[in-house]
Amino acid sequence: MVIFQQQKYSRRMQSIDLPSERIRVKAMMIRFDTHSDDELKLHEASYSMFEDANYPIAFFNTDGSVLNLNGSLLRLLDSLMIDTVPDQINDLLLIIGDTRGIPAEIFQNNHTERPLFVNINDVRISTIEKFGPLIHNEVVLGGYVMIIDISEAAASFDERDRRLRELINNVGIGIVILNQEHKVIDTNARFAEMLGYSIDEMYNLHIWDWDANMSEAEIRETFSDISGAEGTMETRHRRKDGTIYDVHISVYGAKLKDEGGSYSASICVCQDVTERTE
């Protein structure tokens, strides 16, 4: 499903009066009279690809003024009930729900992308914004943004994530993920059950809240970089009611990534071995 193709091109949007200072950008390049006939034909063909692309695209210059929009972006604006195209790209991004503005690094000839959720008719659509420079003769003249609908892929990922979560919650061992501050950022139901806490309570805990062998200072010193932690150990855990039990732990350090970027974490697999040690 490509949400941006569901609505027919709006006559209302077609009649928008673009400011006179805007220029038509051909294949991410300014069209100059000095181009050869073959170059112009190539630009015309490339521009047709821009106009007919099934994902929204906007071109803008280095001061943020909107240069051009393709039909798919106009249809998106129409579905959001927008009657006037903003002059500035940041205002355009704000309309579709992005308050972050254009990334400055694209004007240093860099490309970047970031996730964005677009709300259309009360439906939350997962998209990726791709930004890059518009270049002519090795000079950055502006930039572009493409908004790519990934809702189908996201839905498929969500379903896989749901099945994986169900599997993890039903295994007989505890699993917990900790950030660099040694705080719980995820856990399965079994680990919460082993400690006697609810899932919600677990997200307020640090390792030293249940480790009965090491103090907070010792934990911070021993595991100063949790992304590099790896190995197995036996220790003791303290339940919410104060009782102690023996546990075998396998630790795997990792660099994880979310919308805010990459971060250090450790994944701990915990097995109650009280019966074995008695």
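Structure: above.
For clarity, every value in this text was computed on a predicted model and none was experimentally measured. (Residues numbered from 1 in each chain as written. Predicted model: local features only at pLDDT ≥ 70, side-chain atom pairs only at ≥ 80, totals over all residues. Heavy atoms only, no water.)

Let us now look at the overall build of the protein chain. Scanning the protein chain from N- to C-terminus turns up nine helices and twelve strands. Sorting the 278 residues of the protein chain into buried and exposed places 40% on the buried side. Taking as baseline every contact in the protein chain between residues at least 6 positions apart, the subset at least 24 positions apart corresponds to 45%. Counting only carbon and sulfur atoms, one obtains 49% of the accessible surface of the protein chain, whose full area is about 15800 Å². (Helix = DSSP H or I, 4+ residues; strand = E, 2+ residues; numbered from the N terminus. Buried < 20%, exposed > 50% of the residue type's maximum accessible area, 1.4 Å probe, protein only. Contact = heavy atoms within 4.5 Å. Areas by Shrake-Rupley, 256 points an atom, 1.4 Å probe, with all protein chains shown as cover.)

Before going further, it helps to examine the nonpolar core. Judged by nonpolar contacts, the single largest core of 23 residues is most densely connected at Leu 69, Leu 77 and Ile 89. Sorting the residues of this core by element identifies strand E3 (57-61), strand E4 (66-69), helix H3 (71-79), helix H4 (89-95), strand E5 (112-120), strand E6 (123-136) and strand E7 (139-149) as the ones contributing at least two each. If you tally residues by element for this core, the top one is H3, at four residues. When sequence neighbours within four positions are dropped, the list of residues in contact with Ile 89 reads Ala 58, Phe 60, Gly 64, Val 66, Ile 102 and Val 145. Counting residues in each nonpolar core, the second largest holds 21 residues, with Phe 191, Met 202, Trp 208 and Tyr 245 among its members. (Core = buried A, V, L, I, M, F, W, Y, C linked by side-chain atoms within 4.5 Å.)

Helical geometry: 3.6 residues make up each α-helical turn, so side chains three or four residues apart lie on a common side. Buried residues dominate H3, accounting for nine of its nine residues. Among the residues of H3, those classed as buried are Gly 71, Ser 72, Leu 73, Leu 74, Arg 75, Leu 76, Leu 77, Asp 78 and Ser 79. With its phi angle positive at about 65°, Met 81 sits one or two positions after the end of H3.

The phi angle at Met 81 is positive, at roughly 65°, despite the residue not being glycine. Within the secondary structure, Met 81 sits in the loop between H3 and H4. Owing to a relative accessible area of 62%, Met 81 belongs among the exposed residues under this scheme. At Asn 109, a residue that is not glycine, the phi angle is positive and equals roughly 65°. Inspection of the secondary structure puts Asn 109 in the loop between H4 and E5.

Before going further, it helps to spend a moment on the state of the cysteines. The tally for this structure, following the rule as stated, stands at zero disulfides. Considering cysteine sulfurs only, Cys 270 is the nearest to Cys 268, which forms no disulfide, with 5.6 Å between them. (Disulfide = S-S within 2.5 Å.)

This part covers the side chain of Asn 188. For Asn 188, the location among the structural elements is in the loop between strand E9 (184-187) and helix H6 (189-195). Judged by its relative accessible area of 1%, Asn 188 falls in the buried class. At a separation of 3.0 Å, a polar atom in the side chain of Asn 188 contacts the main-chain carbonyl oxygen of Ile 173. (Polar contact = N/O pair within 3.5 Å; in protein donor to acceptor, adjacent residues only side chain to side chain.)

Side-chain positions along a regular strand alternate between the two faces of the sheet. Across the 14 residues of E6, ten count as buried, placing the element largely inside the fold. Where E5 and E6 come together, nine bridges link them in antiparallel fashion. Among the inter-strand pairings, Thr 112 is bridged to a residue of E6, identified as Phe 131. Taking the residues that link successive antiparallel strands as the turn, the E5-E6 hairpin has two residues, and the phi of Asn 121 there is positive, at about 50°. As paired strands, E6 and E7 are joined by ten bridges and run antiparallel to one another. In the sheet register, Glu 129 faces E7, and the bridge partner there is Ile 147. In textbook terms, the turn of a hairpin is the stretch between consecutive antiparallel strands, and for E6 and E7 this stretch comprises two residues, one of which, Asn 137, has a positive phi near 50°. (Pairing = 2+ DSSP bridges.)

Most of E3 sits out of view: four of its five residues are buried. Relative to E7, E3 runs antiparallel, the two being bridged by five bridges. Looking across to E7, one finds that Ile 57 is bridged to Met 146. With three bridges joining them, E3 and E4 adopt antiparallel strand pairing. Across the sheet, residue Phe 59 finds its bridge partner in E4, namely Asn 68. Connecting E3 to the antiparallel partner E4 that follows it, the hairpin turn spans four residues, and Gly 64 within it adopts a positive phi of roughly 90°.

It is worth spelling out the packing of aromatic side chains at this point. The full count for this structure, using the stated rule, is two aromatic pairs. Seen from their ring centres, Phe 60 and Phe 107 are 6.3 Å apart, and the 85° between their planes marks the pair as edge-to-face. On the criterion of sequence distance, the pair formed by Phe 60 in strand E3 and Phe 107 in the loop between H4 and E5 is long-range, its members being 47 residues apart. Taking the centre distance of 5.4 Å and the plane angle of 80° together, the rings of Phe 191 and Trp 210 count as edge-to-face. Residue Phe 191 is found in helix H6, and its partner Trp 210 is found in the loop between helix H7 (199-202) and helix H8 (216-222); the two are separated by 19 residues along the sequence. Both residues of the pair, Phe 191 and Trp 210, count as buried. (Phe/Tyr/Trp six-rings, centres within 6.5 Å; stacked < 30°, edge-to-face > 60°.)

Interpretation note: all reported values are geometric properties and have no functional meaning in isolation.
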